[in-house]
Amino acid sequence: MTSRSRLLVLLLAFLAAIASSLSAATISVAHAEGTYTIGGIIDGSDGRAVNALIGLDLQDAQGQVLSKTGCVRSPECPVSSYGVVVNVNPTLPAEGTADTSTAGIQLEWTAEVPENTANVYIEVYPKNNDSRRTTTETRYGHAMRHNITIPTTDQVDLHLPLICAAGGSTGSVSGTAVKNGAPIGLTRAIAWSIDRYDAVQRPTLGWNIGTARSDGTYEIPNLASGQRYQVWTTTSEGERHKEIGVVINACENTTSNVDFTPPPPPAEEPAPSAPPPPPPTLEIGSSLIRAGMSARMSGAADPGQTVELLAYSRPSTTYNVVRTTTASDSGAYTFVVSPQTNTRLKVRINGQESETVVVSVQSVVTLRYVKDAARTYTFTGRVLPRRQGQLVSVYAQTPSGDRLVGRGQVDAQGIWKAAHRFTVPGSFPIYAATGRDIVNDAGRSTAVKLTIA
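Conventions adopted
Note on numbering: residues in each chain are counted from 1, in written sequence order. Local features in a predicted model are, by the rule used here, given only for residues with pLDDT of at least 70; side-chain atom pairs are given and counted only at 80 or more, and totals for whole chains, interfaces and linings are based on all residues. No hydrogens and no water enter the side-chain calculation; it runs on all heavy atoms of the structure. A run of H or I in DSSP counts as a helix once it spans at least four residues, and a run of E counts as a strand once it spans at least two, with each numbered from the N terminus. For this analysis, residues touch if any pair of their heavy atoms sits within 4.5 Å. Using a 1.4 Å probe, accessible areas were evaluated by the Shrake-Rupley method; residue-level cover was limited to the displayed protein chains. Counted charges follow a simple rule, with Lys and Arg positive, Asp and Glu negative, and His plus the chain ends left uncounted. A charge is said to be at NZ when it belongs to Lys, at CZ for Arg, at CG for Asp and at CD for Glu. Only rings of Phe, Tyr and Trp enter the pairing, Trp through its six-membered ring, and a pair is recorded when the two centres are within 6.5 Å. The plane angle decides the type: under 30 degrees is stacked, over 60 is edge-to-face, the rest tilted. Partly exposed residues are those whose accessible area sits between 20% and 50% of the maximum for their type, while under 20% is buried and over 50% is exposed, using a 1.4 Å probe and protein chains only. Only when the NZ of Lys or the CZ of Arg is both within 6 Å of the ring centre and within 35 degrees of the ring normal is a charge said to sit over the ring. Think of a polar contact as two N or O atoms within 3.5 Å of one another; within protein, one of them needs to be a possible hydrogen donor and the other a possible acceptor, and neighboring residues in sequence only count if both atoms come from side chains. For the purposes of this analysis, a disulfide is any pair of cysteine sulfur atoms at a distance within 2.5 Å. The rule for a salt bridge is simple: a side-chain nitrogen of Lys or Arg has to be within 4 Å of a carboxyl oxygen of Asp or Glu. The criterion for strand pairing is that DSSP finds at least two bridges linking the strands in question. Only the stretch in contact is used when a helix axis is fitted, and all axes are lines through C-alpha atoms; the angle between N-to-C directions ranges over 0 to 180 degrees. What pLDDT expresses is the predictor's confidence in each residue, scored from 0 to 100.

What follows is about the overall build of the chain. On a plain count of helices and strands, the chain comes out with one helix and 36 strands. Oriented by its inertia axes, the alpha-carbon framework of the chain measures out at about 105 × 60 × 50 Å. Nonlocal contacts in the chain, meaning residues at least 24 apart in sequence, comprise 66% of its contacts between residues at least 6 apart. Of the roughly 23,500 Å² of accessible surface on the chain, a fraction of 52% belongs to carbon and sulfur atoms. The distance from the centre of the 38 positive side-chain charges to the centre of the 38 negative ones in the chain is 13 Å.

Below is the structure:
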């Protein structure tokens, strides 16, 4: 190589280093302080890349809707639909593509949410690549993930359900609305899954907006099957009915008729006392939460009525008023709570108390390890809420099953420690877990990889 060639190579290397530095600086600026990044896989349940719109509804710890900048929705800070919208693969057709190796094809998504976000509700629409990016269900239905606590270190994976006509297993729900024995026109029909996300057993949670007709009939198609749904219907008179626990089966239609007939007038002699109000309905993902998360519940009362929320959290068994609100003009009310331990709740309206609902709270467990000597390790972490004396177990995930490798107790600061000496080398994930008791549901840390030389 000549001197001139060597000089050219050195110059090119120098320019590449500058470009790399500038690129790193640009990435750093893009992830500004004051936000959290969430994301995961986005695809069809058959593994194909999809054209999709991902809408994120952002809420703070009080359940207030946030914009993408973190301001609370108000006339000065309007939020018309979703706080954050992410579009993936907008050039793909509604059927997506199995060729996921092509440059530019996205199988992952990310979004930045403001740091005052406490919970995120995600809804995913299958899209077409026409000029309007029309929502199109020729191959896929809608997907959702609700009540995701922020910040989170977990992947938020989104899988669109494959419809039956394309070889999948979606189902539908339909019915007729009546009032006083005659059909009543509907203006809206919508369904959400109320089952809990599970990466293995239930990786696709469904929802959809259906067709509501003036003759009182409705139909909601292409819902992920093998799970229970809440179905909301709204009449042309503005009345709303919420049916809870409608089961959707694979490639079948479930009939769920709705009766808006008001209850009969009271007898001439008034009843000695009004019936108790119905208990509040726990929204999706609120019956089992992790410590630090929020649980959301809603219900119905007469417009303008005062609604008191009574609760006790273990180990207490004494009810206290923890929230008070006023039913809206439509008779709806909402409460958001963030208990640290298992909690029982009920509402009181006009001196009458409802039946109770239960929010179970999982302990939050963290895990890290330090190598003390050859094959000897100390495991440690924190548990929330702090419960001095609580037992934490450390397990190794081996091909023959999970094996206990250490136990420690939580101290007054919420810190636990355990030690173990391994007799043979190996590499496997480990995790820490607490047991279930009357105060908290079982908690489990994120698994970490441990390699023993």
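This brings us to the packing of aromatic side chains. In total, this model carries nine aromatic pairs according to the counting rule given. Between Tyr-312 and Tyr-319, the aromatic rings sit 4.8 Å apart at their centres with planes inclined by 70°, giving edge-to-face as the arrangement. Residues Tyr-377 and Phe-422 carry aromatic rings whose centres are separated by 5.9 Å and whose planes lie at 75° to one another, so their mutual orientation is edge-to-face. Here Tyr-377 is found in strand β30 (residues 376-384), whereas its partner Phe-422 is found in the loop between β33 (415-421) and β34 (426-434), with 45 residues between them in sequence. Residue classification places Phe-422 among the buried residues on the basis of a relative accessible area of 3%. Joined through ring pairs, the aromatic side chains of Tyr-369, Tyr-377, Phe-422 and Phe-428 make up one cluster. Over the ring of Tyr-197 we find Arg-145; its NZ or CZ atom is 3.5 Å from the centre of that ring.

Counting through the fold element by element, Thr-380 comes out in strand β30. Within the local environment of Thr-380, its side chain forms a polar contact with the backbone oxygen of Trp-416, the two atoms lying 2.7 Å apart.

With an omega of 15°, the peptide bond running from Arg-314 to Pro-315 counts as cis. Within the element layout of this structure, Pro-315 appears in the loop between β22 (306-313) and β23 (320-326). The amide bond that connects Leu-384 to the next residue, Pro-385, takes the cis arrangement and shows omega of 0°. Of note, Pro-385 is situated in the loop between β30 and β31 (391-398). Even without a glycine there, the phi angle at Asn-180 is positive, about 55°. Inspection of the secondary structure puts Asn-180 in the loop between β9 (171-179) and β10 (182-183).

Cysteine pairs can be covalently joined through their sulfur atoms, and such a bond is termed a disulfide. For the coordinates displayed, the defined rule picks out two disulfides. Each disulfide pairs two cysteine sulfurs, and for Cys-71 the partner residue is Cys-77, the sulfurs being separated by 1.8 Å. For the disulfide bridge between Cys-71 and Cys-77, the dihedral angle about the S-S bond is near 55°, and by the sign convention the bridge is right-handed. Judged by relative accessible area, Cys-71 falls into the partly exposed class, the value being 28%. In this model Cys-164 forms its disulfide with Cys-251; the gap between the sulfur atoms is 1.8 Å.

For the rest of this paragraph, the subject is the pattern of salt bridges. Enumeration over the complete set of coordinates arrives at 11 salt bridges. Notably, a salt bridge pairs Asp-46 with Arg-139, separated by 2.7 Å at the nearest N-O pair. A residue pair is termed long-range when its members are at least 10 positions apart, and Asp-46 in the loop between β1 (35-44) and β2 (52-59) and Arg-139 in the loop between β6 (119-126) and β7 (142-149) qualify at 93 residues. Close ionic contact of Asp-437 with Arg-387 constitutes a salt bridge, the shortest N to O distance being 2.7 Å. Of this pair, Asp-437 sits in the loop between β34 and β35 (443-444) while Arg-387 sits in the loop between β30 and β31, and the two are 50 residues apart along the sequence. Look at the salt bridges and you will find they share partners, linking Glu-308, Lys-346, Arg-348 and Glu-353 into a network.

Before going further, it helps to spend a moment on the sheet that holds strand β5 (residues 108-114). Pairing is mixed in the open sheet, where three strands are placed in the order β5-β1-β8. Each end of this open sheet is capped by a strand with a single partner; those strands are β5 and β8 (158-160). Put simply, the sheet's adjacent strands are angled 30° from each other on average, direction ignored. In the sheet, β1 pairs with β5 via seven bridges, with the strands oriented antiparallel.

Of the residues in the chain, 91% have a pLDDT of 70 or more, and the chain-wide mean is 89. By mean pLDDT, helix α1 (residues 3-30) is the weakest element of the chain at 37, and strand β14 (residues 217-223) is the strongest at 98. In the predicted structure, residues 1-32 sits below a pLDDT of 50 and forms four contacts with residues beyond four places in sequence or in another chain.

Attention now moves to the environment of Thr-326. Relative to the assigned elements, Thr-326 resides in strand β23. Sequence spacing of Thr-326 and Ala-250 is 76 residues, and the spatial spacing of their C-alpha atoms is 41 Å. Non-local contacts of Thr-326, meaning those with residues more than four positions away in its chain, are made with Gly-304, Gln-305 and Ala-332.

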